[in-house]
Amino acid sequence: MVAEKDGLKVLAEAKGRTAAIGLDVDTMFGQLLRRMPSTGRSEGMRFAVVVPTAAVSAVRRVPAWVLEELQIDVYVVGDDGSVAAP
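Residues numbered from 1 in each chain as written. Predicted model: local features only at pLDDT ≥ 70, side-chain atom pairs only at ≥ 80, totals over all residues. Heavy atoms only, no water.

Q: Before we move on, could you go through the overall build of the protein chain and cite the residues and values that matter?
A: A tally of regular secondary structure across the protein chain gives 3 helices and 5 strands. Overall, the protein chain shows an N-to-C arrangement of helices and strands of β-β-α-β-α-α-β-β. Relative to the compact-globule value of 12 Å for 86 residues, the protein chain shows a C-alpha radius of gyration of 13 Å, a close match. Considering only C-alpha atoms, the protein chain reaches an extent of 35 × 25 × 20 Å along its principal axes. Evaluated residue by residue, the protein chain yields a buried proportion of 35% over its 86 residues. Long-range pairs, those at least 24 residues apart, make up 61% of the contacts in the protein chain with a sequence separation of at least 6. (Helix = DSSP H or I, 4+ residues; strand = E, 2+ residues; numbered from the N terminus. Rg over C-alpha atoms; globule rule 2.2 N^0.38 Å. Buried < 20%, exposed > 50% of the residue type's maximum accessible area, 1.4 Å probe, protein only. Contact = heavy atoms within 4.5 Å.)

Q: Provide a residue-level description of the confidence of the model for the protein chain, including the pertinent values.
A: Across the protein chain, the average pLDDT comes to 90, with 99% of residues at or above 70. Mean pLDDT across the elements of the protein chain ranges from a minimum in strand E5 (residues 83–84), with 89, to a maximum in strand E4 (residues 72–77), with 95. (pLDDT = per-residue confidence, 0-100.)

Q: So, the pattern of salt bridges: which residues are in play, and what are the values?
A: In a structure, side chains of opposite charge can pair up when their charged atoms sit close to one another. Evaluation of the coordinates by the stated rule reveals 4 salt bridges. Glu13 is paired through a salt bridge with Arg35; the nearest N and O atoms lie 3.3 Å apart. Of the two residues, Glu13 is situated in strand E2 (residues 8–14) and Arg35 in helix H1 (residues 21–35); the sequence distance between them amounts to 22 residues. Residue Arg35 is classed as partly exposed on the basis of its relative accessible area of 46%. Two residues, Asp79 and Arg17, come together in a salt bridge whose shortest N-O distance is 2.8 Å. With Asp79 in the loop between E4 and E5 and Arg17 in the loop between E2 and H1, the pair connects residues that are 62 residues apart, well separated along the chain. (Salt bridge = Lys/Arg side-chain N within 4 Å of Asp/Glu carboxyl O.)

Q: Quick one: what's the story with the sheet that holds strand E3 (residues 45–52), residue by residue and with numbers?
A: Taken in spatial order, the 5 strands of this open sheet run E1-E2-E3-E4-E5, and their pairing is mixed. Across the chains shown, the open sheet's two edge strands, defined by having one partner strand only, are strand E1 (2–5) and E5. Two strands pair when backbone bridges link them, and E1 and E2 are joined in this way by 4 bridges, in the antiparallel orientation. Across the sheet, Lys5 pairs through a bridge with Leu8, a residue of E2. (Pairing = 2+ DSSP bridges.)

Written out as structure tokens, the structure reads:
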């Protein structure tokens, strides 16, 4: 998914509920990394992963400093459809 607003572009990968959530979260991060520009950081661009509540523990296996360094935000979709950052 690509979203743009007020000069900020966000590239996001999303995963739904699955029986192999750990593997799917790892795949999601790989897909996001492949979409990052090869030239390095780009002003006005961020990245995000969007996961169901059941996937939060798998996402937390990625160290916080890595998410920060790569400018990856995490959004969690609750069972009621609400979206939050953990």
